[in-house]
Amino acid sequence: VQLQASGGGLVQAGGSLRLSCSAAGSISSIKAMGWYRQAPGTQRELVATVTSSKTINYADSVKGRFTISRDNAKNTVYLQMNSLKPEDTAIYYCKAIAVTGWSAPRDYWGQGTLVTVSS
């Protein structure tokens, strides 16, 4: 399973960006997709996740500002980021929990896309 993320970039504080991530490969099903981020010197942290049944979870730090959505038919997840703050600056990674063939679900990660928010 390959995950391709896009949409990062440089934006001023208060601005918006939309990230996209598409999964491709021999996928039987995707249980959940989500976004994580890692700022320099910190551990990777959850931003938002959405399951195949559209159950959504957000980190407290992004609630009310970020919106995750998913197109199951396209195996694609989106992250709409509004009211961005400098502390949102990080590399954003897409993750999918997917099943291939008869295997158990496992985690797959995208390559990351850099989001930089200037003050």
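Shown above is the structure to which this text applies.
I will try to describe carefully the structure that is included in this document. Note that residues are indexed from 1 along each chain, following the sequence as it is written. For a predicted model such as this one, the threshold for reporting local features is a pLDDT of at least 70, and the threshold for listing and counting side-chain atom pairs is 80 or more; totals across whole chains, interfaces and linings nevertheless cover every residue. Only hydrogens and water are set aside; all other atoms, that is, all heavy atoms of the structure, feed into the side-chain values.

Some points on the overall build of the protein
Helix numbers and strand numbers start at the N terminus; a helix is a DSSP run of H or I with at least 4 residues, a strand a run of E with at least 2. Along the protein, the regular secondary structure elements total zero helices and 11 strands. Across the protein, helices and strands are ordered from the amino to the carboxyl terminus as β-β-β-β-β-β-β-β-β-β-β. Taking 2.2 N^0.38 as the reference for a compact globule, 119 residues should give roughly 14 Å; the C-alpha atoms of the protein span a radius of gyration of 14 Å, in line with that estimate. In terms of its C-alpha atoms, the protein occupies a principal-axis envelope of roughly 50 × 25 × 20 Å. With a 1.4 Å probe rolled over the protein chains alone, any residue whose accessible area is under 20% of its type maximum counts as buried; one over 50% counts as exposed, and the rest are partly exposed. Of all 119 residues assigned to the protein, the portion counted as buried reaches 40%. The Shrake-Rupley method, run with a 1.4 Å probe, gives the accessible areas here. Residue values count only the displayed protein chains as cover. Carbon and sulfur atoms form 50% of the exposed surface of the protein, whose accessible area is close to 6200 Å². The globule rule is 2.2 Å times the number of residues to the power 0.38, and the radius of gyration it is compared with is taken over C-alpha atoms.

Digging into the pairing of strand β5 (residues 45–51)
Both strand β4 (residues 29–38) and β5 contribute to a ladder of six bridges, which runs antiparallel. Across the sheet, the residue bridging to A32 is T51, located in β5. Only strands joined by at least two bridges in the DSSP assignment are considered to pair. The antiparallel hairpin formed by β4 and β5 contains six residues in its connecting segment, where G41 sits at a positive phi of about 80°. Pairing of β5 with strand β6 (residues 56–58) involves three bridges; the strand directions are antiparallel. By the bridge assignment, V50 is partnered in β6 with I56. The hairpin turn running from β5 into β6, its antiparallel successor, is four residues long, and K54 in that turn takes a positive phi close to 75°.

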